[in-house]
Amino acid sequence: SSQIYPIHLPRETRTRRALLICNIEFEHLSRRNGAEVDVEGMTKLLEGLGYVVDIHCNLTSQGMATVMKDFADRKEHCTSDSTFLVFMSHGVRAGLCGTKSRDETTDILSFDTIYETFNNKSCRVLLGKPKVVIIQSCRGGKDGYTLVSDSGDPAMPAPSSADTITAGLEDDAIFKVHLESDFATLHSSTPDTLSWRCPVGGSLFIQHLIEQFQKHACNSDLQEIFRKIQYSFGKFPRQLPSQERTTMLRKFYLFPGH
């Protein structure tokens, strides 16, 4: 189907690769106890999904940017159908904390850098291929819940006007593609809120994510799995995973045909 991302190569010749960056030890911030469990669990999950995992721990923001650039340049993406990009660290509203971070402005990797590194201009070998971004971090200091009453409905926002599409243009030399497409992003929490981690069992988000992928990757597309992960937090109002900056044009099945 044209509505499903193609997987042309058989498993034997496919070279799926995933990037996992996890910061545990920091110079000025608290240690992320339990994060080792997250690394082990995510590595095992991704390997089970057919990815060779590149693991990097305890990097500054510049170190993270360099590792991403090197990973984007890997030749294996030419014979791959997709990639996973997993980031786990302390975080702020705008990005991820590097190991030298002191506050919201020092040693921060902007989320924008992830998309700029792997967009269709910077990483052409992944053009048209799903790029799955998983981010485990706090995005602020607020709890993710509120008290609600049964009175009144919130006002609905006014619909925005659709953009006008310019027709009749041709170009003999090149073809144009979206600068940023085929990303699917799941944050561990909504903006400005906390993510919760158990010092023994690891992050709640990673635990739920692994469980849902193990149950449903065989027969559900990626965004349906994301929805199931979000639904699994229905009885834990302090945290809700959030799908953001998702630009998937088709459905992505990790195991099509099953």
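The rules behind the values
Residues numbered from 1 in each chain as written. Predicted model: local features only at pLDDT ≥ 70, side-chain atom pairs only at ≥ 80, totals over all residues. Heavy atoms only, no water. Core = buried A, V, L, I, M, F, W, Y, C linked by side-chain atoms within 4.5 Å. Buried < 20%, exposed > 50% of the residue type's maximum accessible area, 1.4 Å probe, protein only. Helix = DSSP H or I, 4+ residues; strand = E, 2+ residues; numbered from the N terminus. Contact = heavy atoms within 4.5 Å. Salt bridge = Lys/Arg side-chain N within 4 Å of Asp/Glu carboxyl O. Phe/Tyr/Trp six-rings, centres within 6.5 Å; stacked < 30°, edge-to-face > 60°. Lys NZ or Arg CZ within 6 Å of the ring centre and 35° of its normal. Pairing = 2+ DSSP bridges. Axes fitted to C-alpha atoms, helices over the stretch in contact; angles between N-to-C directions. Right-handed = clockwise from strand over helix to strand, strands pointing away.

Caption draft 1: Looking closely at the nonpolar core. With 36 residues, the main nonpolar core has F84 and F213 as its most contacted residues. Within the residue set of this core, elements represented by two or more residues are β1 (17–22), α1 (35–48), β3 (83–88), β7 (131–136), β8 (183–187), α4 (204–216) and α5 (222–231). Ignoring sequence-local partners within four residues, the contact set of F213 consists of L45, L49, F84, L222, I225, F226, I229 and L254. Judged by nonpolar contacts, the second largest core, of 22 residues, contains A65, F71, I114 and F118.

Caption draft 2: Broad picture of the environment of T83. Relative to the elements of secondary structure, T83 occurs in strand β3. In the structure, T83 is positioned 48 residues away from K131 in sequence and 5.1 Å away in space, judged by C-alpha atoms. Those residues in contact with T83 that sit more than four places away from it in its chain are R17, A18, Y51, F71, H77, L126, P130, K131 and V132.

Caption draft 3: The pattern of salt bridges, seen in detail. Per the counting criterion, the structure on display carries 17 salt bridges. D73 is the partner of K69 in a salt bridge, and the nearest nitrogen-oxygen pair spans 2.7 Å. A residue is classified by how much of its surface remains accessible, and K69, at 44% relative accessible area, is partly exposed. For D73, a relative accessible area of 45% puts it in the partly exposed group. Measuring nitrogen to oxygen at the nearest pair gives 3.5 Å for the salt bridge that ties E224 to K228.

Caption draft 4: Region of interest: the packing of aromatic side chains. Counting across every chain of the model gives six aromatic pairs. In this arrangement the basic side chain of K131 is found over the ring face of F183, its NZ or CZ atom lying 5.4 Å from the centre. A cation over a ring is seen here: R250 above Y5, with NZ or CZ 6.0 Å from the ring centre.

Caption draft 5: Representation of the sheet that holds strand β4 (residues 91–92) in the model. The three strands are arranged β4-β5-β6 in an open sheet whose pairing can be described as antiparallel. Two strands lie at the open edges of the sheet, namely β4 and β6 (108–110), each paired on one side alone. Across three bridges, the pairing between strand β5 (residues 95–97) and β6 is antiparallel. Its bridge partner being in β6, L96 is matched across the sheet by L109. Its contacts with the sheet place helix α2 (residues 61–72) against β5 and β6, and it is angled at close to 40 degrees to β6. Strands β4, β5 and β6 of the sheet are contacted by helix α3 (residues 111–118), whose axis makes an angle of about 50 degrees with β6.

Caption draft 6: Layout of the pairing of β1. In terms of burial, β1 is a largely internal element, six of the six residues being buried. The alternating pattern of β1 places R17, L19 and I21 on one face and A18, L20 and C22 on the opposite face, and all of these are buried. Note: β1 against strand β2 (residues 52–57), six bridges, orientation parallel. When the bridges of β2 are listed, C22 appears paired with C57. Read as a crossover between parallel neighbours, the route from β1 over α1 to β2 is right-handed. For β1 and β3, the ladder comprises six bridges, and the chain directions are parallel. The residue bridging L20 from the neighbouring strand is V86, located in β3.

Caption draft 7: A look at the sheet that holds β1. One open sheet accounts for six strands, arranged β2-β1-β3-β7-β8-β11; its pairing is mixed. The open sheet is flanked by β2 and β11 (242–243), the only strands paired with a single partner. Helix-sheet contacts for α1 involve β1, β2 and β3, and the interaxial angle to β1 is about 175 degrees. Together, β3, β7 and β8 form the strand contacts of α3, whose direction differs from that of β7 by roughly 160 degrees.

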